Amino acid sequence: MEYDTMMMDGESLGPSVKISAADDAYVNFQLSNVDLSFANSLRRVMLAEVPTVAIDLVEVEINTSVLADEFVAHRLGLIPLDSREIDQLNYTRDCDCDQSCGKCTVVLTLHAKCTGDDVMKVYARDLIVGIDRPNNHIGNPVITDPDGLGSLICKLRKGQEIKLSCIAKKGIAKEHAKWSPTSAVGFEYDPHNKLHHLDLWYEADAAEEWPASKNANFEEPPAEGEPFDYDAVPSKFYFEVESAGNIEPDNIIHEGIKEIQKKLAGLIHGLGENDGMDAGYDGPRSPDGMDGGAGWQDQGFTTPYGNTGGTTAWGGGGAATAYGTTPYGNSGSGGGW
Amino acid sequence: MSNNKHFNEPDDPFELFLVNEGDGEKKITEKPFAGTSNTSDFILLKEDHTLGNLLAEHLKQEPRVLMAGYKVGHPNVPEVLIRLQTDGTISPREILIDVCKQLIASYGQLGREFTREYELRRMVAAGEQENGGR
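In every chain, residue numbers begin from 1 and rise along the written sequence. Whichever chain is written first is A, and whichever ligand is written first is 1; the rest continue in order. This being a predicted model, a pLDDT of at least 70 is required before a residue's local features are given, and a value of 80 or more before pairs of side-chain atoms are given or counted; all residues contribute to the totals for chains, interfaces and linings. Side-chain calculation: all heavy atoms of the structure are included, whereas hydrogens and water are not.

1. Details of the overall build of chain A
Here comes step 1: A count of helical and extended segments in chain A gives four helices and ten strands.
Here comes step 2: Along the chain direction, N to C, the helices and strands of chain A fall in the order β-β-α-β-α-β-β-β-β-β-β-α-β-α.
Here comes step 3: Should any heavy atoms of two residues lie within 4.5 Å, those residues are considered in contact. Relative to all contacts within chain A whose residues are 6 or more apart in sequence, the contacts with residues 24 or more apart total 72%.
Here comes step 4: Surface accessibility in these figures is a Shrake-Rupley result with a 1.4 Å probe; residues are shielded only by whichever protein chains are displayed. In the form shown here, chain A has an accessible surface area of approximately 16800 Å², with 50% of it arising from carbon and sulfur atoms. Only runs of H or I of at least four residues qualify as helices and only runs of E of at least two qualify as strands under DSSP, and these elements are numbered from the N terminus.

2. Let's talk about helix α1 (residues 36-48) of chain A
Here comes step 1: Multiplying 1.5 Å by the helix residue count minus one yields the expected span of that helix. The end-to-end C-alpha distance of α1 of chain A, which contains 13 residues, comes to 18 Å, matching closely the 18 Å that a straight helix rising 1.5 Å per residue would cover.
Here comes step 2: In this scheme, a residue with accessible area under 20% of its type's maximum is buried, one over 50% is exposed, and one in between is partly exposed, where area comes from a 1.4 Å probe on protein chains only. Taken together, the buried positions of α1 of chain A are occupied by Ser37, Phe38, Ala39, Asn40, Ser41, Leu42, Val45, Met46 and Ala48 of chain A.

3. Quick word on the interface of chain B and chain A
Here comes step 1: The partner chain A presents 60 residues to the 46 residues of chain B that form the contact.
Here comes step 2: Summed over both partners, the accessible surface that disappears when two parts come together, traced with a 1.4 Å probe, is what is meant by buried area. Of the roughly 4900 Å² buried between chain B and chain A on both sides combined, carbon and sulfur atoms contribute 64%.
Here comes step 3: The largest share of the area that chain B buries against chain A comes from Ile104, Tyr107 and Phe114 of chain B, three residues that together contribute 15% of it.
Here comes step 4: Residue Arg44 of chain A is joined to Asp48 of chain B by a salt bridge in which the shortest nitrogen-to-oxygen separation is 3.2 Å.
Here comes step 5: Polar contacts here mean pairs of N or O atoms no more than 3.5 Å apart (in protein, one a potential hydrogen donor and the other a potential acceptor; neighbouring residues in sequence count only if both atoms are side-chain atoms). Applying the counting rule to chain B against chain A returns twelve residue pairs in polar contact (both at pLDDT 80 or more).
Here comes step 6: The element contributing the most residues to the side of chain B that touches chain A is helix α2 (residues 92-133) of chain B, with 23 residues.
Here comes step 7: Ten residue types, Ala, Val, Leu, Ile, Met, Phe, Trp, Tyr, Cys and Pro, are classed as nonpolar, four, Asp, Glu, Lys and Arg, as charged, and the remainder, Gly among them, as polar. Classifying every residue of the side of chain B that touches chain A gives 21 nonpolar, eleven polar and 14 charged. The working definition used for a salt bridge is a side-chain nitrogen of Lys or Arg within 4 Å of a carboxyl oxygen of Asp or Glu.

4. Here we look at the pattern of salt bridges
Note that side chains of opposite charge can pair when their charged atoms are close.
Here comes step 1: Inspection of every chain in the model, using the stated rule, returns 22 salt bridges over all chains.
Here comes step 2: Among the salt bridges present, the one from Asp82 of chain A reaches Arg84 of chain A, with a minimum N-O distance of 2.7 Å.
Here comes step 3: Accessibility expressed as a relative area gives 10% for Asp82 of chain A, which makes it buried.
Here comes step 4: Glu62 of chain B is the salt-bridge partner of Arg64 of chain B, the closest N and O atoms lying 3.9 Å from each other.

Okay, structure coming up:
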């Protein structure tokens, strides 16, 4: 068993993080002092359950381009839209409005016509974002290229025109991958395959044909003739979280953590409910649990379950809750639920 | 319900993750299992391996738990079953709540640890940039 020196600082018994590379598009880190299921749940939740905004409904008024309406609609859906501070946007299904409103949707319109002889390229920057939205960045097409163009939507020849309006909604990648905040999450452990979780196929020489990953530098290679350790478990996980552009990479991790915590808190609540406290609980509706609960809105990295004192999400009113006084918030004046 | 739907019926876009409370569905239900003592099955609706594996693995690490396991019965059916047997000093329900709380705390700790490392790194990067400019 090898112990990581990172355990020495800070919260020495809990998860330990070491960031090896980061910029505004990705963050690479090593997670240690946790087990495989813990790391894998974080990976899964970052891929599939962190909410973002994406175009979901498209109303085509004019489309004389060579692309079919649904083809263009699909392309529009895949354009990353700024999803920072997504908490300020409701899920349309939970919103008080009839169909859609500024609290749960962002409207984007597009109108382009080619009048010149050259082929006209229509880019994401040509989308006009409606003003009725929770803040002035949510739903903006993400533009990171040096020319400030954004994703290419379609090309128009002389005389062709496209005119449409789009409704962008909040959603998660379990419904459609366009809502994924990540373009990829790299996940590796045991780069030397000491645990034999992989059975590497080879032609002549496995070491030759399976070049070591860059993470192999962080771990000791197996010594010559080292016996197989049957009790060894993976303990260090290499993450490479790459943002699609809609949420900053570090926030993807924080949002992912928050989503798992909400899921777990939902279970605690569900289990507590069976214990004779069936008093008019509406129950979680969205994957983010409780809609409209002010207790869930936090600023920055503090989780709703953190040590934020009295108003925690499940500290809540009466001491009669099944989970009573917990380390996550004692007494407190009613939180989210 | 999702498993006996006609193929021509439109899909419910939320069927993977939204508990349908109108139909009396509950996120989690406990069913005592008669075969062995102190054993319960927990049925989690609209969940998958993310929670199933996490909870089963962490339940196994509890000394008072004799047996814990989970299954996702069919890949197209978003339901998880967790079977849990304790040694009798605590009920399965209580230990499951305990483990959930521990995990929430651990993930919270991870979040704080990540923030600390990330900010530290940013400060170092900013410092280097400043020095490089001179």
